[in-house]
Each structure stands twice: as structure tokens, then as C-alpha cells.
Amino acid sequence: MLGVVLWSDASDRKAVIWCEDQGDLAYVKPTDEVLRSGDFFDAGDLVQFDMEMSQSTRLAHNPRLVIEKVGPALPDVLRDAAQIEDLSLRKRGQVVDFSPWNEQAKAACP
């Protein structure tokens, strides 16, 4: 699955990913051996990962960086949209299209 990192903590090796299927968020936990060395993800990075359900929580395993900083403003845009108090101003039922990244992501993904 593909997703965009919304939040990450490099020191704890944790991250939250917004998934391409618009379902629940996926959580990266520091249990993967791959995550114990090297750079970690930043908010806005496009990642590919294997997903597992654990007690109704999505866990992202074996996350791999596809494209850096593909959506660095995405966390702020989502936060701002969530803070709009007038519900009539919120766009309901709108699915955010990942297609601008699909061609680059397909080329970068094995």
C-alpha cells in the first residue's frame, strides 16, 4: 500500500501514515529491523508498506521511502480543515486523489 506520512518521530522511530485507500490511518512502530538504522521518514514523504491489522488498528510493516516531500503541506492542510467550526464550510465526502503521485510512485516501486 502507498501512503503519505502525516507525523513522525525519528528518535522513537514512530510514524502515522494516511493511506491511499482513504481508510484508517496506519501506524509505524519501531519493531521493524529496517527502521533501526539510517534516516527516518518526515511528514509529507510518500512511503510504500505492507499492512497488517492488529486489534482493529492498521500497522505498517516494512515501510520504504518512495518519494521524499511529495506532500509536505498535507499535515497542515488536514489540521486546518479539521479546525473549521462551521460544518457547512467543510467539504464532506471528498476523496483526496493520490493520482498526482501515482506515475512517480509506480516508477519508483518494485
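Please refer to the structure higher up on the page.
Reading the values: the criteria
Residues numbered from 1 in each chain as written. Predicted model: local features only at pLDDT ≥ 70, side-chain atom pairs only at ≥ 80, totals over all residues. Heavy atoms only, no water. Core = buried A, V, L, I, M, F, W, Y, C linked by side-chain atoms within 4.5 Å. Buried < 20%, exposed > 50% of the residue type's maximum accessible area, 1.4 Å probe, protein only. Helix = DSSP H or I, 4+ residues; strand = E, 2+ residues; numbered from the N terminus. Contact = heavy atoms within 4.5 Å. Phe/Tyr/Trp six-rings, centres within 6.5 Å; stacked < 30°, edge-to-face > 60°. Pairing = 2+ DSSP bridges. Axes fitted to C-alpha atoms, helices over the stretch in contact; angles between N-to-C directions. Salt bridge = Lys/Arg side-chain N within 4 Å of Asp/Glu carboxyl O.

Asks: I keep staring at the nonpolar core and nothing clicks. Help me out?
Replies: It is characteristic of soluble globular proteins that their nonpolar side chains tend to be buried jointly. Judged by nonpolar contacts, Val 5, Ala 15, Ile 17, Cys 19, Ala 26, Val 28, Phe 40, Phe 41, Val 47, Phe 49 and Ala 60 together constitute the single largest core of 11 residues. If you tally residues by element for this core, the top one is strand β2 (residues 14–19), at three residues. Excluding residues that lie within four positions of it along the chain, Ala 15 makes contacts with Val 5, Trp 7, Ser 8, Ala 26, Tyr 27, Val 28 and Phe 40. Counting residues in each nonpolar core, the second largest holds nine residues, with Leu 2, Trp 18, Leu 46 and Leu 74 among its members.

Asks: What's the story with the packing of aromatic side chains in this structure? I'm lost.
Replies: How two aromatic rings sit relative to each other is given by the distance of their centres and the angle of their planes. Following the criterion strictly, the structure yields one aromatic pair and no others. When the centroid spacing of 5.2 Å and the interplanar angle of 45° are considered together, the rings of Phe 40 and Phe 41 count as tilted. Like Phe 41, Phe 40 is buried.

Asks: Got a minute to help me understand the sheet that holds strand β5 (residues 57–67) in this structure?
Replies: By definition, the strands of a sheet pair up through backbone hydrogen bonds, in either a parallel or an antiparallel sense. Read once around its circumference, the closed barrel built from five strands follows the order β1-β2-β3-β5-β4, with strand pairing classed as mixed. Taking the axes of each pair of neighbouring strands and ignoring which way they run, one obtains an average angle of 45° across the sheet. Where β2 lies against strand β3 (residues 26–28), three bridges are found, and the strand directions are antiparallel. For Ile 17, the partnering residue across the bridge sits in β3 and is Ala 26. With respect to the sheet, helix α1 (residues 74–82) is in contact with β1 (2–9) and β2, its orientation differing from that of β1 by roughly 85°.

Asks: Teacher, can you tell me more about the pattern of salt bridges here?
Replies: Opposite charge on two side chains permits pairing when their charged atoms draw close. Following the criterion strictly, the structure yields two salt bridges and no others. One salt bridge in this structure joins Asp 21 and Arg 58, with 2.6 Å as the shortest N-O distance. One end of the pair, Asp 21, is in the loop between β2 and β3; the other, Arg 58, is in strand β5, with 37 residues separating them in the sequence. For Arg 58, a relative accessible area of 11% corresponds to the buried category. In this structure, the salt-bridge partner of Asp 50 is Arg 64, at a minimum N-O distance of 3.9 Å.

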